Amino acid sequence: MITLTQIEGDFKEKKELELKAGETYVFEVHNENVDHEVGFVVIPKGKTEQENHIKNAYVQEMIANGKSSKSKEVVLEKGEYEYFCPLNPTPHYKITVN
């Protein structure tokens, strides 16, 4: 389980993640004082088009202020990825999978 908290325009704790290839991960995202619903997206590095989004990494429901939601199980291959929220919006943060 990887827990991330969104604040206005940013993620609170972690900015860069290092994960192991072939492991199963679930992302849990919390909305802390963002006054509208937020989401969560994981993409291969630099591939921002929606068709490149890793759909299992989407949270299962939009996240209202004070609420949390989890993704489905996600297995990533070795490489570089990014996570972000287009609705908050946040910068893109690095995920390295070794």
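Up top is the structure these notes are about.
This is a predicted model, so every value here is computed, not measured. (Residues numbered from 1 in each chain as written. Predicted model: local features only at pLDDT ≥ 70, side-chain atom pairs only at ≥ 80, totals over all residues. Heavy atoms only, no water.)

Chemist: Explain the sheet that holds strand S9 (residues 79-84) here, please?
Modeler: Strand pairing in a sheet relies on backbone hydrogen bonds, with the paired strands running either antiparallel or parallel. Strands sit in the order S3-S10-S9-S6 across an open sheet of 4 strands; the sheet is mixed. Either end of the sheet is taken by a strand with one partner, and the two such strands are strand S3 (17-19) and strand S6 (41-44). Ignoring which end each strand starts from, the neighbouring axes of this sheet average 25° apart. Taken together, the 3 bridges between S3 and strand S10 (residues 93-97) define a ladder with parallel strand orientation. (Pairing = 2+ DSSP bridges. Helix = DSSP H or I, 4+ residues; strand = E, 2+ residues; numbered from the N terminus. Axes fitted to C-alpha atoms, helices over the stretch in contact; angles between N-to-C directions.)

Chemist: Before we go on, may I ask you to explain the pairing of S9 in this structure?
Modeler: When a strand is regular, its side chains alternate between the sheet's two faces. Pairing between S6 and S9: 4 bridges, direction antiparallel. What sits directly across from Val41, in S9, is Phe84. By the bridge criterion, 5 bridges tie S9 to S10 in an arrangement that is antiparallel. Within S10, the position partnered with Glu80 by the bridge is Thr96.

Chemist: What is the right way to read the packing of aromatic side chains from this model?
Modeler: Ring pairs (aromatic) are described by centroid distance and by the angle formed between their planes. Taken as a whole and assessed by the stated rule, the structure comprises 6 aromatic pairs. A ring pair is formed by Phe11 and Phe40, whose centres lie 6.1 Å apart and whose planes are at 80°; its orientation type is edge-to-face. With a gap of 29 residues between them, Phe11 in strand S2 (residues 10-11) and Phe40 in the loop between strand S5 (27-31) and S6 connect regions that are remote in the sequence. The class for Phe40 is buried, based on a relative accessible area of 2%. A connected cluster of aromatic rings, assembled from ring pairs, spans Phe11, Phe27, Phe40, Tyr83 and Tyr93. (Phe/Tyr/Trp six-rings, centres within 6.5 Å; stacked < 30°, edge-to-face > 60°. Buried < 20%, exposed > 50% of the residue type's maximum accessible area, 1.4 Å probe, protein only.)

Bear in mind that shape data such as this cannot, by itself, settle questions of function.
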